[in-house]
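Structural overview
Residue strings, one per chain:
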Amino acid sequence: MIKEFKEFIMRGNVLDMAVGVILGAALKAIVDSLTKNLINPIIALFIGQVDLSGITLTIPGTKAVFGIGNFLNDIINFLIIAFVVFLIVKGFNKLRDMVSSTEEEPEALVQSQEELYLKEIRDLLAEKNK
């Protein structure tokens, strides 16, 4: 059982996922700070409140209090994290395309007529020998 657990932990996918979770937690802390220290003060210029978590909606005659400000903070955090992940994926795809295009480049190079004829002869001989 310990051997199986060790094999499971040492898989590349599990390690990649663990790194992703750790980096995600660190990114969340940065985004929380960005929202609290930069975005909320900018919003405060328009609504007059720095801390959005103080915005609440209370229904008269009940004890129900809705934390609209906390919800707005969470939406801002989500949008920032989603945008950062979008940029990371977009950059990764661009890098992957660049790498794959350089791998295919040698085949795409212009060949001389002599090379083309030799390849045709090779292919014809291969068909004949089948």
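Residues numbered from 1 in each chain as written. Predicted model: local features only at pLDDT ≥ 70, side-chain atom pairs only at ≥ 80, totals over all residues. Heavy atoms only, no water.

Side note on the domain arrangement of the protein
What counts is decided by this rule: What marks off one domain from the next here is an automatic or database domain assignment. By definition, the buried area sums, over both parts, the 1.4 Å-probe accessible area that each loses when the two are put together. By the criterion applied in these results, polar contacts are pairs of N or O atoms within 3.5 Å in which, for protein atoms, one can donate a hydrogen and the other can accept it, and in which residues neighboring in sequence qualify only through two side-chain atoms. Residue type decides the class: Asp, Glu, Lys and Arg count as charged, Ala, Val, Leu, Ile, Met, Phe, Trp, Tyr, Cys and Pro as nonpolar, and the leftover types, Gly among them, as polar.
Per the domain assignment, the segments of the protein are domain 1 (1–46) and domain 2 (51–129). Put simply, the middle of domain 1 and the middle of domain 2, counted by C-alpha atoms, are 18 Å apart. Interface area for domain 1 against domain 2, summed over the two sides, is near 710 Å², with a carbon-plus-sulfur share of 75%. For the domain 1 face of the interface with domain 2, the top three residues by lost area are Leu27, Val31 and Asn40, together amounting to 51%. The tally of links between domain 1 and domain 2 comes to two residue pairs in polar contact (both at pLDDT 80 or more). Per-class residue counts for the side of domain 1 that touches domain 2 are five nonpolar, two polar and two charged.

Let's talk about the UniProt feature "transmembrane region" (unreviewed entry) in the protein
What counts, and what does not: UniProt positions are given in the numbering used here, feature names are shortened, and annotations may be inferred rather than shown by experiment. Segments assigned H or I by DSSP are reported as helices when at least four residues long, segments assigned E as strands when at least two residues long, and all are numbered from the N terminus.
Per the UniProt record, "transmembrane region" (unreviewed entry) is found at residues 38–59 and 71–89. This span, residues 71–89, is 100% helix and 0% strand, and a straight line between its end C-alpha atoms measures 27 Å.

Focus on the environment of Asn77
Put simply, the test is: Between two residues, a contact is recorded if the distance between any of their heavy atoms is within 4.5 Å.
Here Asn77 shows up in helix α3 (residues 68–108). In this structure, the C-alpha to C-alpha distance between Asn77 and Ala29, residues 48 residues apart in sequence, is 9.9 Å. In this structure, Asn77 is in contact with Val31, Asp32 and Thr35, ignoring residues within four places of it in sequence. In this structure the side chain of Asn77 is engaged in a polar contact, spanning 2.4 Å, whose partner is the side chain of Thr35.

Observations concerning the confidence of the model for the protein
Using the following cut-off: On a range of 0 to 100, pLDDT expresses the predictor's confidence in each residue.
The predicted model of the protein has a mean per-residue pLDDT of 81, with 90% of residues at 70 or higher. Looking across the protein, the model is least confident in helix α1 (residues 2–9), with a mean pLDDT of 78, and most confident in strand β1 (residues 57–58), with 89.

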